[in-house]
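# Structural features, examined
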Amino acid sequence: MSSTGPDSGAVSPPPLPLHVVEQFAVGLQLRNQGYRGRFAPSPTGPLHAGNLRTALLAWLSARLAGGVILLRIDDLDAPRNRPGAVEALQADLAWLGLTWDGPVELQSRQRGLYATVLSGLRRGGWLYPCRCSRRMLADVSAPHGASPIYPGTCRRQPPDWSARGGRLPSWRLRLPPGSIRWQERHAAPGCLDAATQVGDVVLRRADGFLAYHLATAVDELRLGITEVVRGVDLWPATGPQVALMGLLGMAPPAYGHVPLLCDGRGQRLSKRDGAEGLEGMRRRGLDAPAVIGLLAAGAGLVPAGSRLSATELLQEVRPQALAQALQA
Ligand code: GLU
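Summary of the structure given here. (Residues numbered from 1 in each chain as written. Predicted model: local features only at pLDDT ≥ 70, side-chain atom pairs only at ≥ 80, totals over all residues. Heavy atoms only, no water.)

Along the protein chain, the regular secondary structure elements total 13 helices and 10 strands. Here the C-alpha radius of gyration of the protein chain, 21 Å, is about what a compact globule of 328 residues would show, namely 20 Å. The dimensions of the protein chain, computed from C-alpha atoms along their principal axes, are 65 × 40 × 35 Å. The buried share among the 328 residues of the protein chain stands at 48%. For the protein chain, restricting intrachain contacts to residue pairs at least 6 apart in sequence, the fraction spanning at least 24 positions comes to 77%. Entry remark: accessible area of the protein chain is about 15700 Å², with carbon and sulfur atoms responsible for 54%. The averaged location of the 26 negative side-chain charges in the protein chain is 5 Å from the averaged location of its 36 positive side-chain charges. (Helix = DSSP H or I, 4+ residues; strand = E, 2+ residues; numbered from the N terminus. Rg over C-alpha atoms; globule rule 2.2 N^0.38 Å. Buried < 20%, exposed > 50% of the residue type's maximum accessible area, 1.4 Å probe, protein only. Contact = heavy atoms within 4.5 Å. Areas by Shrake-Rupley, 256 points an atom, 1.4 Å probe, with all protein chains shown as cover. Lys, Arg positive; Asp, Glu negative; His and termini not counted. Charge placed at Lys NZ, Arg CZ, Asp CG, Glu CD.)

Here we take up the sheet that holds strand S3 (residues 105–106). If you trace the 3 strands from one edge of the open sheet to the other, you get S1-S2-S3, paired in parallel fashion. At either end of the open sheet lies a strand with only one pairing partner, and these are strand S1 (36–39) and S3. Against the sheet, helix H3 (residues 85–95) touches S1, strand S2 (68–73) and S3, its axis set at about 155° to S2. Across the sheet, helix H8 (residues 212–222) is in contact with S1, S2 and S3; its angle to S2 comes to roughly 150°. (Pairing = 2+ DSSP bridges. Axes fitted to C-alpha atoms, helices over the stretch in contact; angles between N-to-C directions.)

With respect to the element layout, Asp92 can be found in helix H3. Filtering out sequence-adjacent residues up to four positions away, Asp92 remains in contact with Leu278 and Arg282.

The strand order across the open sheet built from 3 strands is S4-S5-S8, with neighbouring strands paired in antiparallel fashion. Bordering the open sheet on either side are strand S4 (127–130) and strand S8 (202–204), each of which pairs with just one other strand. Neighbouring strand axes in the sheet, compared pairwise and without regard to direction, differ in orientation by 45° on average. The pairing of strand S5 (residues 170–173) with S8 spans 2 bridges and is antiparallel. Within S8, the residue paired with Trp171 across the bridge is Arg204.

A few words now on the packing of helix H4 (residues 111–123) against H8. Running from N to C, H4 and H8 point in directions that differ by 105°, and their axes come no closer than 10 Å. Considering their axes alone, H4 and H8 lie roughly perpendicular with respect to each other. Mapping the contact onto sequence places Leu113, Tyr114, Val117, Leu118 and Leu121 in H4 and Leu214, Ala215, Val218, Asp219 and Arg222 in H8. In the contact of H4 with H8, the residues fall into 8 nonpolar, no polar and 2 charged. (Parallel < 35°, antiparallel > 145°, perpendicular 65-115°, else oblique. Nonpolar A, V, L, I, M, F, W, Y, C, P; charged D, E, K, R; others polar.)

Moving on, we get to the pattern of salt bridges. Applying the stated criterion across every chain, the model contains 16 salt bridges. Note that Arg283 is salt-bridged to Glu279, the shortest N-O span being 3.5 Å. Here Arg283 pairs with Glu279, and both are found in helix H10 (residues 278–283), just 4 residues apart, close to one helical turn. (Salt bridge = Lys/Arg side-chain N within 4 Å of Asp/Glu carboxyl O.)

The next subject is the layout of surface pockets. Reported here for the second largest pocket is a volume of approximately 200 Å³. Surrounding the second largest pocket, 13 residues form its lining, Ala49, Leu261, Leu269, Leu294 and Leu295 being those nearest its centre. Ranked by residue count, the leading element in the lining of the second largest pocket is helix H11 (residues 288–298), at 3 residues. A class-by-class count of the residues in the lining of the second largest pocket yields 8 nonpolar, 1 polar and 4 charged. (1 Å grid on protein atoms, 1.4 Å probe; cavity = no way out; pocket = protein on both sides within 12 Å on 5 of 7 lines; lining within 4 Å. Points joined across faces, edges and corners; volume = space filled by probe spheres on them.)

Next up on the list: the site of the ligand. Close to the ligand lie Arg38, Ala40, Pro41, Ser42, Asp74, Tyr212, Arg230 and Leu234, which account for all nearby residues. Between Arg38 and the ligand, the recorded distance is 2.7 Å, taken from a side-chain N or O atom to an oxygen atom. The side chain of Tyr212 places a nitrogen or oxygen atom 2.8 Å from an oxygen atom of the ligand. When the ligand sits alone it has 300 Å² of accessible area, and the protein chains cover 79% of it. Tallied by class, the residues present in the shell around the ligand amount to 4 nonpolar, 1 polar and 3 charged. (Near = heavy atom within 4 Å. Polar contact = N/O pair within 3.5 Å; in protein donor to acceptor, adjacent residues only side chain to side chain.)

Right, let's talk about the packing of helix H1 (residues 18–31) against H4 for a bit. Axis separation between H1 and H4 bottoms out at 10 Å; the angle between their running directions is 110°. Between H1 and H4, the angle is such that the two are roughly perpendicular. Mapping the contact onto sequence places His19, Val20, Gln23 and Phe24 in H1 and Leu113, Thr116 and Val117 in H4. Taken together, the residues that form the contact of H1 with H4 break down as 4 nonpolar, 3 polar and no charged.

Here we take up the nonpolar core. Residues Leu56, Leu57, Leu93, Leu98, Leu301 and Leu313 are the most contacted members of the largest nonpolar core, which totals 41 residues. For this core, the secondary structure elements donating two or more residues are helix H2 (49–64), S2, H3, H10, H11, helix H12 (310–316) and helix H13 (319–325). With 9 residues, the top contributor of residues to this core is H2. Residue contacts for Leu98: discarding those within four places in its chain leaves Ala55, Leu56, Trp59, Leu93 and Ala310. Listed in part, the 38 residues of the second largest apolar core include Tyr114, Leu127, Trp171 and Val201. (Core = buried A, V, L, I, M, F, W, Y, C linked by side-chain atoms within 4.5 Å.)

The next point concerns the packing of aromatic side chains. For the coordinates displayed, the defined rule picks out 2 aromatic pairs. Arranged with centres 6.1 Å apart and planes meeting at 20°, the rings of Phe39 and Trp100 form a pair that is stacked. Here Trp100 lies in the loop between H3 and S3 and Phe39 lies in strand S1, a separation of 61 residues in the sequence. Take Phe39 and Trp100: they sit in the same class, and that class is buried. Taking the ring centre of Trp171 as reference, the NZ or CZ of Arg122 above it sits at 4.0 Å. Stacked on the ring of Tyr150, the Lys or Arg Arg172 has its end atom at 3.6 Å from the ring centre. (Phe/Tyr/Trp six-rings, centres within 6.5 Å; stacked < 30°, edge-to-face > 60°. Lys NZ or Arg CZ within 6 Å of the ring centre and 35° of its normal.)

Okay, here's the thing in structure tokens:
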């Protein structure tokens, strides 16, 4: 482990190869050219009304700012991907008239880059192996509903390598103590305490999969994202992602965490529970202007019952109303 790494208490950036540093430098240049947003669905099933509303708000934010918006597909967690979901979600977004700039970004194509960053973090002493099983963690973690904070077992006491057969460790980020802060574009700034509210997140799972936090932090930087518009359920994920960007020597984008859409019983919509997608809405006879009207009215952007295309909405929407819709 590096003598200037986090174990010694000194903060040193992880050693990264030139081609990675160059990609981040390109991202920085892109950031300086104006607004750059992204919508980043996971291809785990059809987009439901909540996902579509977030897509619409992210798209409107970028277009209203005269900026760029990218479509990024978070497809690293291969077992959760559904065949045909990438094509289906692209078709759904196109049907709604939401257009994207540049090529679609697939995270699965960037595995090499994420692995290189991971290895730099590891060589810099920012990672440690963890052999805690889910069951062990369930016994000590927060009650159901709160997000579990890793108690730091393997950080304090390195695992006994000989003890547990062939099981590979996961690799956790050795998060430096202190406050993690970020800008919320339409809400109070975000602030989380690293030790008690974030904890040492897994960046490489025991099964070898690279974690969402790592890929997302790297992508925001390399793609030069200036503002992330996404569901408020991901507000807590911002802590580890911003911390990671800081370790990589880069400032984070601003964030706009938008309210989640709930069903009639106040439960948030989820793909797992089969929340209705566009196919269901089309079966009910809704066309694209009706769906845009419905999504926009739900966000308080237009009166209920409005029918309009995405482009018409863009012309109609007032920046103040959009800012309000973005407040979770
Ligand atoms: N892929 C994540 C999701 O669909 C969103 C990631 C993000 O916007 O950062 O929930």
